[in-house]
Amino acid sequence: MAQGHVRNWVARRFGEKNPDAVLLSPWPILLFGTKPHSPSEKASGVISDEARLDKKAADDVVDFLYVQSANGRLTPTFCFLITYMVFLETVAWWSIIPIIGFQLGGTAICEVLRRYHARLEPDADRTPWAYGYAAASGICGISWGLAGVLWFIPGDPMQQLVVAVLILAGITGSVVSRSGYLPSLVTFLAGINVPFIPALLFIGTPLSFAMAFMGLFYVVGSYGWACGLNRMYLREAHARLRGDQLVHDLEIARDVAEARAEDAERAKIAAEAGERAKSQFLSTISHEIRTPLNGIQGMAELLDGSDLSDDQRENLAIIRQSSDALRLLLEDVLEISRIDAGVQKLDIAEFEPEAIARQVVDIMEPEARRKGLTLNVTIMPDVPSHSRGDEKCCRQALLNILGNAVKFTDQGHVTVRLSLEPGREGDELEYLRFAVRDTGPGIAADQLSGLFTEFAQVDQSMTRRHGGGGLGLALVKRLADQMQGSVGVRSTEGEGAEFWFDVPVVIPAHRKQDMMIEAVSAPALDRARIEALETVLGPDKALEIVEACLDTAWELTETIEIARRDRDSDAMARAAHDLKSAAGNVGLTALSDSAARISAAIRDGNHAEAFDEAARLPGETSKAQDDLLRAYPPLAAAKAS
């Protein structure tokens, strides 16, 4: 039962949940102040970081013990000699011999151990040296105990007082110096008490009994004090070791980070060199290929003017188409290589966005007409007439997108649309969007993400039929990135696709003033229409027509709103056509223009744009009514009555 209590106490003392896992030998506990390694750790040969840290802390305490014990190691010997000389007449002459013998013997053993301890490697096991120091402390403690037996017991009260103070000072000093390693204190106290306390008890007087028990209580109290100091020493050792380990880890992390940064820099330099080499290779090979290609195209032109049979002319047409496709591919390769090499710089100047759109449409018009396609241009009202940027890059990017749309669309129409788009979140800029929508085959959703990478082609069968190397959209992205813009695509398989690129809008300063003047001078209401009605029909009849047209405008607005909700574009187109006439009859130019944009968008097949415009129509109608009431007092009076 006693063994079970001891086991449970040890388990609680050292935080072990399983008492059976604690080794019952007290020496490992006393040596290190921590629980020993568990059987599983011993079996596996793997020691946890915490156990390793405990062991290192215990080793540091042993090192500290040897270092601090070097100071004053002969002090007890001088104390004994001085005491002996003071009480020389009352003590036996031979009593100094065993006292000094044990004291010098323990000190000599400790000195030898200290010299060998100083040669230990940092990772060497300190356990044998700890045992040796404990043994030397026990031998030194015997000298103090003999002083009590030989000098305290037979002495007079004054001599007993001096010897008691000497022994108490020795115990107190040992508590401070040996508390870092408790076994050394235990052996020292045992060396004192084993000869001294039994001798006091053997005398059997009340005073000797009292002195014996007082000595035991003092020893127990001193040991408790030493345990507190021991925990403090171990905590400080733990904290220092953890700090050293943290500093070591930080240094390693810094070295690793610096090494990785150097590797990244070398990789960056190698990548840039590889990119330059690739661009130079593409540029060189493209120029080398262009020379014989120009010869092929020139000879094809000469052959076209000669007498050829139908089969020969058909073969010549294939040669010309193939050479044209190869020329376009080479131009894309050259453009990409120039951008990658940093040779192409932006040429910032003032340009007209609408003019670029119409020029590109004019370039592609012959090809579209040959395929039976209709090309449309839609310019949204908020698009500025002038902007600053690289006109060539915008034209080239739009030409690539429109060329793709015409190439892959076999029937229907292709629409170029210019609009003004808000900036991304946190971006105060506005962006000019060049968008191209077609009625081609469309693209599956899972294939949209890679369209703007080099040599990306959705359908190999279509590529073989239409030609192309997959560089056009990649070039568009490079150009947009160079202009601080972005690209995008929206498509549903079987329903066509819409590609666009956005560039920041920078309106020239002298154009901003013109736009402000145009905004003020462009009225939403043409008052001359109403004045003409009054002149021809008279004020009363004109008022009836104005009221009827305004009521009709509201009815048609409601019809368009219902059609928008039902996604009925045909009904919306008919109502928008009627609204355009009704609003125009009484001079509501802004409302008439809004209805016209709805009709045009539906006619171009851009239903999404039509629905967006229709969603703004109730607000346009309300504003038109307010403008009409302010500009035409008879109508305001009629509404008020």
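The paragraphs below set out a description of the structure included in this document. Once a new chain begins, its residue numbering starts again from 1 and follows that chain's sequence as written. For a predicted model such as this one, the threshold for reporting local features is a pLDDT of at least 70, and the threshold for listing and counting side-chain atom pairs is 80 or more; totals across whole chains, interfaces and linings nevertheless cover every residue. As a rule here, side-chain values cover all heavy atoms of the structure and leave hydrogens and water aside.

### What about the side chain of Gln-103?
Reasoning step 1: Within the secondary structure, Gln-103 sits in helix 6 (residues 96–117).
Reasoning step 2: Among all residues touching Gln-103, those that are not within four sequence positions of it are Pro-76, Thr-77, Phe-80, Cys-140, Ser-143 and Trp-144. Going along the chain from the N terminus, every DSSP run of H or I of four or more residues is numbered as a helix, and every run of E of two or more is numbered as a strand. Note on contacts: a residue pair is in contact if any heavy atoms of the two residues lie within 4.5 Å.

### Observations concerning the nonpolar core
Grouped burial of nonpolar side chains is what soluble globular proteins tend to show.
Reasoning step 1: Counting 42 residues, the largest nonpolar core has Leu-398, Leu-402, Phe-434, Phe-499 and Phe-501 as its most contacted members.
Reasoning step 2: Elements with a contribution of two residues or more to this core: helix 12 (353–371), helix 13 (391–408), strand 4 (413–422), strand 5 (430–438), helix 15 (472–482) and strand 7 (497–504).
Reasoning step 3: Per-element accounting of this core gives the leading share, 8 residues, to helix 13.
Reasoning step 4: Residues contacting Phe-501, with those up to four places away along its chain left out, are Cys-394, Ala-397, Leu-398, Ile-401, Leu-432, Arg-433, Phe-434, Val-476, Ala-480, Met-483, Ser-486 and Val-487.
Reasoning step 5: What we call a nonpolar core is a set of buried Ala, Val, Leu, Ile, Met, Phe, Trp, Tyr and Cys residues that are connected through their side-chain atoms within 4.5 Å. The classification of residues rests on relative accessible area computed with a 1.4 Å probe and restricted to protein chains. Under 20% of the type maximum is buried, over 50% is exposed, and intermediate values are partly exposed. Ranked by size, the runner-up nonpolar core spans 33 residues in total, among them Leu-543, Ala-553, Ala-582 and Ala-610.

### Some points on the sheet that holds strand 2 (residues 374–379)
Reasoning step 1: In short, DSSP must find at least two bridges between two strands for them to pair. Pairing is mixed across the open sheet formed by 5 strands, whose spatial order is 2-4-5-7-6. The open sheet is flanked by strand 2 and strand 6 (486–491), the only strands paired with a single partner. Averaged over all adjacent pairs, the angle separating strand axes in this sheet is 20°, with direction ignored.
Reasoning step 2: Of the pairings in the sheet, the one linking strand 4 to strand 5 comprises 9 bridges and is antiparallel in character. For Leu-420, the partnering residue across the bridge sits in strand 5 and is Leu-432. For every element, the axis is a line fit to its C-alpha atoms; helices are fit only across the contacting stretch, and the angle between N-to-C directions ranges from 0 to 180 degrees.

### Focus: helix 5 (residues 75–86)
Residues separated by three or four positions in an α-helix point in the same direction, a consequence of the helix having 3.6 residues per turn.
Reasoning step 1: In this analysis, the expected span of each helix is defined as 1.5 Å times one less than the number of residues it contains. With 12 residues, helix 5 ought to run about 16 Å at 1.5 Å a step, and its terminal C-alpha atoms sit 17 Å apart, in line with that.
Reasoning step 2: All of the buried residues in helix 5 are Pro-76, Thr-77, Phe-80, Thr-83 and Tyr-84. The buried residues of helix 5 all sit within an arc of 130° when viewed along its axis, so they share a single face. Turned more than 90 degrees away from the buried face of helix 5, the exposed residues are Phe-78, Ile-82, Met-85 and Val-86.
Reasoning step 3: Next to the buried residues of helix 5 lie helix 6, helix 7 (127–152) and helix 8 (157–178). The arc under discussion is defined with respect to the helix axis, by the directions toward the C-beta atoms.

### Let's talk about the pattern of salt bridges
Reasoning step 1: Throughout this description, the term salt bridge denotes a Lys or Arg side-chain nitrogen within 4 Å of a carboxyl oxygen of Asp or Glu. All told, the structure shown has 17 salt bridges when counted by the stated rule.
Reasoning step 2: Between Asp-263 and Arg-266 there is a salt bridge, and its shortest N-O distance comes to 2.2 Å. Separated by 3 residues within a single helix, Asp-263 and Arg-266 lie in helix 10 (residues 206–304), roughly one turn from each other.
Reasoning step 3: The shortest N-O distance in the salt bridge between Arg-395 and Glu-391 comes to 2.6 Å. Placement of the pair is Arg-395 and Glu-391 together in helix 13, with a separation of 4 residues, close to one helical turn.

### Some thoughts on the packing of aromatic side chains
Reasoning step 1: Planes of paired rings set the category: under 30 degrees apart is stacked, over 60 is edge-to-face and the rest tilted, where pairs are Phe, Tyr or Trp rings (Trp by its six-membered ring) whose centres lie within 6.5 Å. Taken as a whole and assessed by the stated rule, the structure comprises 5 aromatic pairs.
Reasoning step 2: Seen from their ring centres, Phe-80 and Trp-151 are 6.4 Å apart, and the 70° between their planes marks the pair as edge-to-face. Placement of Phe-80 in helix 5 and of Trp-151 in helix 7 is noted, with a sequence separation of 71 residues between them.
Reasoning step 3: Among the aromatic side chains, those forming a connected cluster through ring pairs are Phe-80, Tyr-84, Trp-144, Trp-151 and Phe-188.
Reasoning step 4: Over the aromatic face of Tyr-116 sits the side chain of Arg-119, whose NZ or CZ is 5.2 Å from the ring centroid.
Reasoning step 5: Geometrically, a lysine NZ or arginine CZ counts as sitting over a ring once it is within 6 Å of the ring centre and also within 35 degrees of the ring normal. One cation-aromatic arrangement involves Arg-567 over Phe-611; the distance from NZ or CZ to the ring centre is 3.8 Å.

### A closer look at helix 7
Reasoning step 1: Here helix 7 contains 26 residues, and its C-alpha end-to-end distance of 37 Å stays within 8% of the 38 Å for a straight helix at 1.5 Å per residue.
Reasoning step 2: With respect to burial, helix 7 is a largely interior element, 19 of its 26 residues being buried.

### Some remarks on the pairing of strand 7
Reasoning step 1: Counting buried positions along strand 7 gives 8 out of 8 residues, so the element sits mostly inside the fold.
Reasoning step 2: Neither face of strand 7 is exposed, since Ala-497, Phe-499, Phe-501 and Val-503 on one face and Glu-498, Trp-500, Asp-502 and Pro-504 on the opposite face are all buried.
Reasoning step 3: Across 7 bridges, strand 5 lies against strand 7 in antiparallel orientation. Note that in strand 7 the partner of Arg-437 across the bridge is Glu-498.
Reasoning step 4: Bridge count for strand 6 against strand 7 is 6 bridges, and the pairing is antiparallel.

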